[in-house]
Amino acid sequence: ADYGPVGELAGAEGPVYAVEFSPDGKTIAAAGADKKVRVWNISAGECLFAAEGHARQVNSLAFSPNGQELASAGLDQTIRLWNMVPPPMPPAEGKYDAAKPADPKAADPKAVEKPALGAPLGEITEGIEGGIYSLIYARDASLLFTAGDGATWQSWSRKELKAVRSFPGHNQTIYRMSYNPSGSRFATIDYSGKFIIWNASDGSLAFHTQLPVGAAYGFSYSPTGQEVIFATKDPRVLRFQIPQYAW
């Protein structure tokens, strides 16, 4: 058969609630109930690191658009950032390349040492409104967006690691937020089935509706961005056509 399981990545010590491919498709990140963030090399099946720091389960992961860092968030109301750039390999012992000038920083005690793979790069703890269930980067990586128990979604400065703005509109826990394929808008869905589309440029409201469902847990855009499918409490997958003005 040309389909089916192709392998498994062991190591998690409990249920896994979040998984993500890196942008280059070479690594997979996973996290969940054991509060650790693990990253594997796909081709070798090797666990590159298992980062600790969260106090409760991790619900969401996101790679930065350039793949150089990984963000994690969960019920401990904390966003953590992890380094995904391996430090440069030291030169082989006894080797010297006369064609290359000596590195002036090599003997400089003030030179900044590159962080190890999986090393923490920062965290955000202040101002988070409840446990987090969904986390994404802005397309230019200048901001992080989160949503969860607070029934709002929030934006955070990646550089300053501080809150920028909180956006109301939902009444219950937001379970998922996602960009449309073009990146011009992103959407949120809460437990009650309220679905909102926002303009990515400024966070203004573009469209909202209350779905005819008992509860909603997630959604996915079609490749054209004109349709959305929803995962709900009902025993069905709901398809929804987005009005043209909100594409």
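Anything mentioned here points back to the structure above.
Residues numbered from 1 in each chain as written. Predicted model: local features only at pLDDT ≥ 70, side-chain atom pairs only at ≥ 80, totals over all residues. Heavy atoms only, no water.

Draft legend 1. Just the overall build of the protein, in detail. Assigned secondary structure in the protein consists of zero helices and 19 strands. Sequence separation of at least 24 residues holds for 42% of the intrachain contacts in the protein that already meet a minimum separation of 6. Of the roughly 13,900 Å² that the protein leaves accessible, carbon and sulfur atoms contribute 53%. (Helix = DSSP H or I, 4+ residues; strand = E, 2+ residues; numbered from the N terminus. Contact = heavy atoms within 4.5 Å. Areas by Shrake-Rupley, 256 points an atom, 1.4 Å probe, with all protein chains shown as cover.)

Draft legend 2. Looking closely at unusual backbone geometry. Of note in the backbone geometry, Q77 takes a positive phi value of approximately 55° without being a glycine. Positive phi outside glycine occurs at L161, with the angle close to 55°. Since its relative accessible area comes to 23%, L161 is described here as partly exposed. (Buried < 20%, exposed > 50% of the residue type's maximum accessible area, 1.4 Å probe, protein only.)

Draft legend 3. Molecular detail of the side chain of S192. Within the element layout of this structure, S192 appears in the loop between β14 (185-190) and β15 (194-199). Of note is the side chain of S192, whose polar atom sits 2.6 Å from the side chain of D190. Among all residues touching S192, those that are not within four sequence positions of it are Q172, Q210 and V213. (Polar contact = N/O pair within 3.5 Å; in protein donor to acceptor, adjacent residues only side chain to side chain.)

Draft legend 4. Main features of the pattern of salt bridges. In this structure the tally under the stated criterion is eight salt bridges. Of the charged contacts, one joins R158 and E69 as a salt bridge, the two residues approaching to 2.6 Å between their closest N and O atoms. Linking R158 in the loop between β11 (153-157) and β12 (162-167) with E69 in strand β6 (residues 69-74), this pair joins segments that are 89 residues apart in sequence. Residue R158 is classed as buried on the basis of its relative accessible area of 18%. Among the residues examined, E69 registers a relative accessible area of 10% and is labelled buried. Its salt-bridge partner being E227, residue R239 comes within 2.5 Å of it at the nearest N-O pair. One end of the pair, R239, is in strand β19 (residues 237-241); the other, E227, is in strand β18 (residues 227-232), and 12 residues separate them in sequence. The exposed category is assigned to R239, whose relative accessible area is 61%. In this structure E227 comes out as buried when scored by relative accessible area, which is 18%. (Salt bridge = Lys/Arg side-chain N within 4 Å of Asp/Glu carboxyl O.)

Draft legend 5. Highlighting the packing of aromatic side chains. For the coordinates displayed, the defined rule picks out 19 aromatic pairs. Three or more aromatic residues joined by ring pairs form one cluster here, namely F195, F207, F219, Y221, F230, F240 and Y245. Over the aromatic face of F219 sits the side chain of R176, whose NZ or CZ is 5.7 Å from the ring centroid. (Phe/Tyr/Trp six-rings, centres within 6.5 Å; stacked < 30°, edge-to-face > 60°. Lys NZ or Arg CZ within 6 Å of the ring centre and 35° of its normal.)

Draft legend 6. Inspection of the pairing of strand β2 (residues 27-32) at higher detail. Extensive coverage of β2 is indicated by the burial of six of its six residues. Where strand β1 (residues 16-21) folds back onto β2 in an antiparallel hairpin, the turn is made up of five residues, including G25, whose phi is positive at roughly 75°. Here β2 pairs with strand β3 (residues 37-41) via five bridges, running antiparallel. Its bridge partner lying in β3, A29 is registered against V39. (Pairing = 2+ DSSP bridges.)

All quantities given are derived from atomic positions and should not be read as evidence of function.
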